[in-house]
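# Working through the structure, step by step
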Amino acid sequence: QVTQELNKLQKKQNEVIANNKRWGQSNDAISRSLNYIKNRMAFMLSVGATTNFVKQIIEIRGQYEMLERSIQILADSAQKGSEIFNQLNQMALNSPFTTIELGEAARQMSAYGVGTVDVVEITRSLADISSAVGQPIERLTYALGQVQTYGYLTALQARTFMRAGVPLVKELAKSYSDLEGRVVTTAEVFDRMKKKQLSYNDVMRVVNEQTDEGGRFFEY
């Protein structure tokens, strides 16, 4: 009887060993499958990420080329347009704005009538002011472009500057005070504004005073 029981126990033990072996083989198969899936997913993700990255590069390059051609057309010269674009590209290296953002601002100012001689420096001034006050560059570009188009500063454009954090009226009063040798109040500035006496050149004088060396927005 003891021998029979030992034989039964041995049989059970063999069955357990066999089952453990099968379970181990199953676990190995599952592990291999999981590793295959993991590696496949990693490969697909890397391929997808690379593909998206390449697509983004192509799209950005396309935007660069279109913007450069647009500036060339507005400048009436492929060479001059490329020079402007290259200057903007260098400017972007030390600016919080990208080449595309700066190029778009320059393109808009050119479309508003700013000459090729001044467009880079005006774009630089707009970038410095926008960076300092934390406003999108296109907002100030639009406001200044409107002044260029009309030829004079309106109350609407003045409010746009002030809402963006640029005290344009106050600075105009200070500039006029220096030019005229007397105190010119902001009320007088608004009065001149109503009479359309604040020219684009007056506005640009203040912009340049604020962005040139010593100005509050210089190389901000």
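Our structure is the block above this text.
Just so it is clear, the model here is predicted, and its values are computed rather than measured.

Rules behind the numbers
Residues numbered from 1 in each chain as written. Predicted model: local features only at pLDDT ≥ 70, side-chain atom pairs only at ≥ 80, totals over all residues. Heavy atoms only, no water. Helix = DSSP H or I, 4+ residues; strand = E, 2+ residues; numbered from the N terminus. Buried < 20%, exposed > 50% of the residue type's maximum accessible area, 1.4 Å probe, protein only. Contact = heavy atoms within 4.5 Å. Areas by Shrake-Rupley, 256 points an atom, 1.4 Å probe, with all protein chains shown as cover. Core = buried A, V, L, I, M, F, W, Y, C linked by side-chain atoms within 4.5 Å. Phe/Tyr/Trp six-rings, centres within 6.5 Å; stacked < 30°, edge-to-face > 60°. Lys NZ or Arg CZ within 6 Å of the ring centre and 35° of its normal. Axes fitted to C-alpha atoms, helices over the stretch in contact; angles between N-to-C directions. Parallel < 35°, antiparallel > 145°, perpendicular 65-115°, else oblique. Left-handed = near helix turned anticlockwise from the far one by under 90°. Expected span 1.5 Å × (residues − 1). Salt bridge = Lys/Arg side-chain N within 4 Å of Asp/Glu carboxyl O. Patch = residues over 30% accessible without salt bridge, like charges linked within 9 Å, V, L, I, M, F, W, Y side chains within 5 Å. Lys, Arg positive; Asp, Glu negative; His and termini not counted. Charge placed at Lys NZ, Arg CZ, Asp CG, Glu CD.

Check the secondary structure of the protein and you find nine helices and zero strands. The buried share of the protein, taken over its 220 residues, is 33%. When contacts within the protein are restricted to residue pairs at least 6 apart in sequence, those whose partners lie at least 24 apart make up 56%. In the form shown here, the protein has an accessible surface area of approximately 13900 Å², with 54% of it arising from carbon and sulfur atoms.

Turning to the nonpolar core, a few remarks are in order. Most often, soluble globular proteins keep nonpolar side chains buried together rather than apart. With 44 residues, the main nonpolar core has Leu102, Ile122, Leu144, Leu153, Leu172 and Val189 as its most contacted residues. The element that contributes the greatest number of residues to this core is helix H4 (residues 116–133), accounting for six residues. When near neighbours in sequence (up to four residues on either side) are disregarded, Leu102 contacts Leu88, Met91, Ala92, Ser95, Phe97, Thr123, Ala127 and Ile137.

Turning to the packing of aromatic side chains, a few remarks are in order. Per the stated rule, a full pass over the model turns up one aromatic pair. Against the face of Tyr176 rests Arg192, its NZ or CZ located 4.5 Å from the ring centre. We note Arg205 situated over the ring of Tyr176; from NZ or CZ to the ring centre the distance is 5.5 Å.

Right, let's get into unusual backbone geometry. Positive phi outside glycine occurs at Lys196, with the angle close to 60°. With respect to the secondary-structure elements, Lys196 resides in the loop between helix H8 (186–194) and helix H9 (200–211).

Here the focus is the environment of Lys195. One can find Lys195 in the loop between H8 and H9. Of the residues examined, Lys195 reaches a relative accessible area of 52% and is grouped as exposed. Residues Lys195 and Tyr152 lie 43 residues apart in sequence; the distance between their C-alpha atoms is 9.8 Å.

Moving on to the packing of helix H2 (residues 78–92) against H4. Between H2 and H4, the least distance of the axes is 11 Å, while the angle of their chain directions is 15°. Here H2 is positioned roughly parallel relative to H4, judged by the angle of their axes. At the point where H2 passes H4, the crossing takes the right-handed sense. Taken together, the residues of H4 that come into contact with H2 (itself represented by Lys80, Ile84, Gln87, Leu88 and Met91) are Thr116, Val119, Val120, Thr123 and Arg124.

What follows is about H2. With 15 residues, H2 ought to run about 21 Å at 1.5 Å a step, and its terminal C-alpha atoms sit 21 Å apart, in line with that. Residues of H2 that are buried include every one of Gly81, Ser82, Ile84, Phe85, Leu88, Met91 and Ala92, and no others.

Our focus in this paragraph is the pattern of salt bridges. Going through the model one piece at a time under the given rule, you end up with nine salt bridges. One salt bridge in this structure joins Glu104 and Arg107, with 2.5 Å as the shortest N-O distance. Note that Glu104 and Arg107 are positioned in helix H3 (residues 99–112) at a spacing of three residues, about one turn of the helix. Between Lys195 and Asp191 there is a salt bridge, and its shortest N-O distance comes to 3.3 Å. Among the ionic contacts, a cluster of salt bridges with common partners joins Glu180, Arg182, Glu188 and Arg192.

Right, let's talk about H4 for a bit. Here H4 is 18 residues long and its end C-alpha atoms lie 26 Å apart, about the 26 Å a rise of 1.5 Å per residue gives. Every buried residue of H4 is accounted for by Val119, Val120, Ile122, Thr123, Ser125, Leu126, Ala127, Asp128, Ile129 and Ser130. Buried residues in H4 make contact with H2, H3, helix H5 (137–150) and H9. One or two positions beyond H4, positive phi appears at Gly134, with a value near 70°.

We now examine a negative patch on the surface. Taken together, the side chains of Asp178, Glu209, Asp212 and Glu213 present a region of like negative charge at the surface. As for its placement among the helices and strands, Asp178 is situated in helix H7 (residues 168–180). Owing to a relative accessible area of 62%, Asp178 belongs among the exposed residues under this scheme.

From the geometry alone we can't say anything about function, so treat these as descriptive.
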